[in-house]
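So you can see what is in the structure, the chains are spelled out below.
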Amino acid sequence: MRKLILSAALVAASAFGMVAVQAAEPATAGKEYIELSNPVPVSVPGKIEVVELFWYGCPHCYHFEPVINPWVDKLPKDVNFKRVPAMFGGPWDAHGQMFLTLEAMGVEHKVHAAVFDAIQNQRKRLTDPKDMADFLATQGVDKDKFLATFNSFAIKGQVNQAKELAKKYEITGVPSMVVNGKYRFDLGTAQGPEGVLNVADQLIAKERAAK
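Residues numbered from 1 in each chain as written. Predicted model: local features only at pLDDT ≥ 70, side-chain atom pairs only at ≥ 80, totals over all residues. Heavy atoms only, no water.

**Q** Explanation requested: helix α2 (residues 59–73) in the structure shown.
**A** Residue pairs three or four apart in sequence face the same way in an α-helix, which turns once every 3.6 residues. Over its 15 residues, α2 runs 22 Å from end to end, which matches the ideal 21 Å to within 8%, given 1.5 Å per residue. Its maximal kink placed at Glu65, α2 deviates by approximately 45°, while the proline Pro66 follows within four residues. Among the residues of α2, His60, Cys61, Phe64, Glu65, Ile68 and Trp71 are the ones counted as buried. (Helix = DSSP H or I, 4+ residues; strand = E, 2+ residues; numbered from the N terminus. Expected span 1.5 Å × (residues − 1). Bend = angle between axes of the 7 residues up to and from the residue. Buried < 20%, exposed > 50% of the residue type's maximum accessible area, 1.4 Å probe, protein only.)

Written out as structure tokens, the structure reads:
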């Protein structure tokens, strides 16, 4: 698995130097995206779901943020966007549990960028819950509430669910995108950040037309 993750990261790294797929060029299965053999149910029935699988420790995920966030802000009401932390053990699991905790507390959107910056630019590890709580306190998050939520049974259940989703999506690296539980693609297959959004737009339109 580690070799697969590193391989995907190298592909992603080279993808940032590629020219994005032109909007007029149709995305095709087996090339720009993979059609999953076993579709995964969406979390909000009736809406077209777009999932981004990411890791706070991934530099490609960090550099994808300024590209994907404006796109997410403009998504139509029939599209439900959600982030799912990829957890392959070690710091992946720690960061993923932190994200799910912040999401459960309703503060993830307020501190998401700060957490990314702390790990990517300030070189903070943030793998120990107490270190997480200390840092998040500087961002206005209650330390005791964070630790209680982090260690709760509910969050542990969400961690297991996120891990199962990653398996069902058959991801091998991040960032990866999944549309409506059916189509998976990434920076490598879609030829860069802008290409990812182009493929996502096409697959959203495809699913909308199929309704």
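**Q** Looking at this structure, how should I read the nonpolar core?
**A** Here is a general trend for soluble globular proteins: nonpolar side chains tend to be buried in one another's company. By size, the foremost hydrophobic cluster in this structure holds 43 residues, and its most contacted members are Met98, Val115, Leu136 and Phe146. Among the secondary structure elements, those contributing two or more residues to this core are β2 (48–54), α3 (91–105), α4 (108–120), α5 (129–137), α6 (143–150) and α7 (153–169). A total of 7 residues in this core trace back to one element, the largest contributor, which is α3. Once residues lying within four places of it in the same chain are set aside, the contact partners of Met98 are Tyr56, Val115, Ile119, Leu126, Met132, Leu136, Phe146 and Phe150. Of all hydrophobic cores here, the second largest spans 22 residues; its members include Val79, Tyr183, Val196 and Ile204. (Core = buried A, V, L, I, M, F, W, Y, C linked by side-chain atoms within 4.5 Å. Contact = heavy atoms within 4.5 Å.)

**Q** Sorry, what's going on with the side chain of Gln120 here?
**A** Along the chain, Gln120 falls in helix α4. Taking relative accessible area as the criterion, Gln120 reaches 10% and is therefore assigned buried. A polar side-chain atom of Gln120 sits 2.9 Å from the main-chain carbonyl oxygen of Tyr56. Setting aside residues no more than four positions away along its own chain, Gln120 makes contact with Tyr56, Gly57, Cys58, Pro59 and Tyr62. (Polar contact = N/O pair within 3.5 Å; in protein donor to acceptor, adjacent residues only side chain to side chain.)

**Q** Any chance you could explain unusual backbone geometry here in plain terms?
**A** Residue Pro175 follows Val174 across a cis peptide bond; omega there is -5°. Tracing the backbone through its elements, the reader meets Pro175 in the loop between α7 and β4 (176–179). Phi at Leu126 is positive, roughly 50°, even though this residue is not glycine. In the Ramachandran plot, Glu170 falls in the positive-phi region, its phi being about 60° despite a non-glycine side chain. Assignment of secondary structure puts Glu170 in the loop between α7 and β4. Look at Glu170 and you get partly exposed, because its relative accessible area is 42%.

**Q** Looking at this structure, how should I read the sheet that holds β2?
**A** Sheet strands associate in pairs through backbone hydrogen bonding, adopting either a parallel or an antiparallel arrangement. The 5 strands are arranged β1-β5-β4-β2-β3 in an open sheet whose pairing can be described as mixed. Strands at the two margins of the open sheet, each flanked by one partner only, are β1 (34–35) and β3 (79–85). Across 4 bridges, the pairing between β2 and β4 is antiparallel. Bridge assignment links Leu53 to a residue of β4, and that residue is Ser176. Across the sheet, helix α8 (residues 193–210) touches β2, β3, β4 and β5 (183–186), and the angle it forms with β5 is around 170°. (Pairing = 2+ DSSP bridges. Axes fitted to C-alpha atoms, helices over the stretch in contact; angles between N-to-C directions.)

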